[in-house]
Amino acid sequence: MTTATTTPAAGAAAAGAACERGATVWLTGLPSAGKTTLAFALAERLTAEGHRVEVLDGDEIREFLSRGLGFSREDRHTNVTRIGFVAEKLASNGVKVLAPVIAPYADSRAAVRARHEAEGTDFLEIHVATPVELCSERDVKGLYARQAAGEISGLTGVDDPYEAPASPELRIQTQGRTVAESAAELHAFLTERGLA
């Protein structure tokens with residue numbers, strides 16, 4: 001988990017918003033879609049505005065909270081629901097939680113949404129809809145190259161399923177856009193929802 005730090009001015013604003021409304025903003029999409037980059041860009045902007053923000057990075061969660069889990073459907077579901085549990089706890093205490101997590105299965109994301117709804121906590125599913133061809137070009141972690149070389153299997157969206165959201169709260173097309181433009185779109189959306 002990575003906490004965005006606040007500037008003194010932003011900290012003062014945050015102090016006046018102790019009862020601020022929290023929410024979980026779940027960014028789902030293929031590997032190398034830009035989820036984490038977008039989450040940190042948005043976190044920086046929200047923090048500067050005085051919001052309490054936490055980024056639950058999927059890779060960090062795997063290392064510290066879900067170590068030992070594999071990539072079977074069951075293990076992926078367990079990982080996603082663990083992240084959802086932590087996210088809801090933070091969001092229910094006024095934190096804007098940004099979760100850039102693939103979460104490839106619709107039922108896993110639905111389980112996280114249901115937990116939030118049961119607790120009366122806002123949950124917003126954001127589909128970072130980057131085409132697999134562009135993700136493969138970006139290949140931030142070298143996963144697509146390793147899969148193509150036969151070194152790994154079970155790559156989400158290639159030889160393992162990715163169930164894109166049918167009706168997310170927002171679908172962001174990143175192709176041909178800068179990170180700043182995508183972050184601005186998401187920020188505007190949160191503003192409309194009274195969360196930014």
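Notes on the structure follow. Small disclaimer: the values here were computed from a predicted structure and weren't measured.

Calculation notes
- Residues numbered from 1 in each chain as written.
- Predicted model: local features only at pLDDT ≥ 70, side-chain atom pairs only at ≥ 80, totals over all residues.
- Heavy atoms only, no water.
- Salt bridge = Lys/Arg side-chain N within 4 Å of Asp/Glu carboxyl O.
- Helix = DSSP H or I, 4+ residues; strand = E, 2+ residues; numbered from the N terminus.
- Buried < 20%, exposed > 50% of the residue type's maximum accessible area, 1.4 Å probe, protein only.
- Contact = heavy atoms within 4.5 Å.
- Polar contact = N/O pair within 3.5 Å; in protein donor to acceptor, adjacent residues only side chain to side chain.
- Phe/Tyr/Trp six-rings, centres within 6.5 Å; stacked < 30°, edge-to-face > 60°.
- Lys NZ or Arg CZ within 6 Å of the ring centre and 35° of its normal.
- Axes fitted to C-alpha atoms, helices over the stretch in contact; angles between N-to-C directions.
- Parallel < 35°, antiparallel > 145°, perpendicular 65-115°, else oblique.
- Left-handed = near helix turned anticlockwise from the far one by under 90°.
- Nonpolar A, V, L, I, M, F, W, Y, C, P; charged D, E, K, R; others polar.

Within the structure shown, the criterion is met by twelve salt bridges. E125 is the salt-bridge partner of R109, the closest N and O atoms lying 2.6 Å from each other. Residue R109 is located in helix α5 (residues 106–119), and its partner E125 is located in strand β5 (residues 122–128); the two are separated by 16 residues in the primary sequence. With a relative accessible area of 4%, R109 lands in the buried category. Where R113 meets E169, a salt bridge forms, and the shortest distance between an N and an O atom there is 2.9 Å. Placement of R113 in helix α5 and of E169 in the loop between α7 (143–148) and β6 (170–172) is noted, with a sequence separation of 56 residues between them. You can call E169 partly exposed: its relative accessible area is 23%. Salt bridges sharing common partners tie together R109, R113, E125 and E169.

Topologically, S108 is positioned in helix α5. On the basis of relative accessibility, which here comes to 2%, the residue S108 falls in the buried class.

The next thing to look at is the environment of A39. Among the structural elements, A39 can be located in helix α2 (residues 35–48). Here the alpha-carbon distance between A39 and G29, two residues ten residues apart in the chain, equals 12 Å. Ignoring anything within four residues of it in the chain, the contact list for A39 reads L27, V55, L98 and P100.

Considering the arrangement of structural elements, one finds Y144 in helix α7. The exposure class assigned to Y144 is buried, which follows from its relative accessible area of 5%. It is 12 Å that separates the C-alpha atoms of Y144 and A33, two residues lying 111 residues apart in sequence. If sequence neighbours within four positions are ignored, Y144 has contacts with L30, P31, S32, V132, C135, S136, D139, L155 and V158. Looking at Y144, its side chain comes within polar contact range of the main-chain oxygen of P31, at 2.7 Å.

Another point: the packing of aromatic side chains. A full pass over the atoms with the stated rule returns one aromatic pair. Both rings, one in W26 and one in F123, keep their centres 6.2 Å apart while their planes meet at 45°; by these two values the pair is tilted. Here W26 is found in strand β2 (residues 23–28), whereas its partner F123 is found in strand β5, with 97 residues between them in sequence. Note that R73 overlies the ring of Y105, its terminal NZ or CZ placed 3.9 Å from the centroid.

The subject of this paragraph is the packing of helix α4 (residues 73–91) against α5. Two numbers describe how α4 lies on α5: the axes approach to 9 Å, and their chain directions differ by 25°. One finds that α4 runs roughly parallel with respect to α5. In terms of crossing hand, the pair formed by α4 and α5 is right-handed. Listed contacts from α5 to R73, H77, V80, T81, G84, F85, A87, E88 and K89 of α4 are D107, S108, A111, V112, R115, H116 and E119. Grouping the constituent residues of the contact of α4 with α5 by class yields five nonpolar, five polar and six charged.

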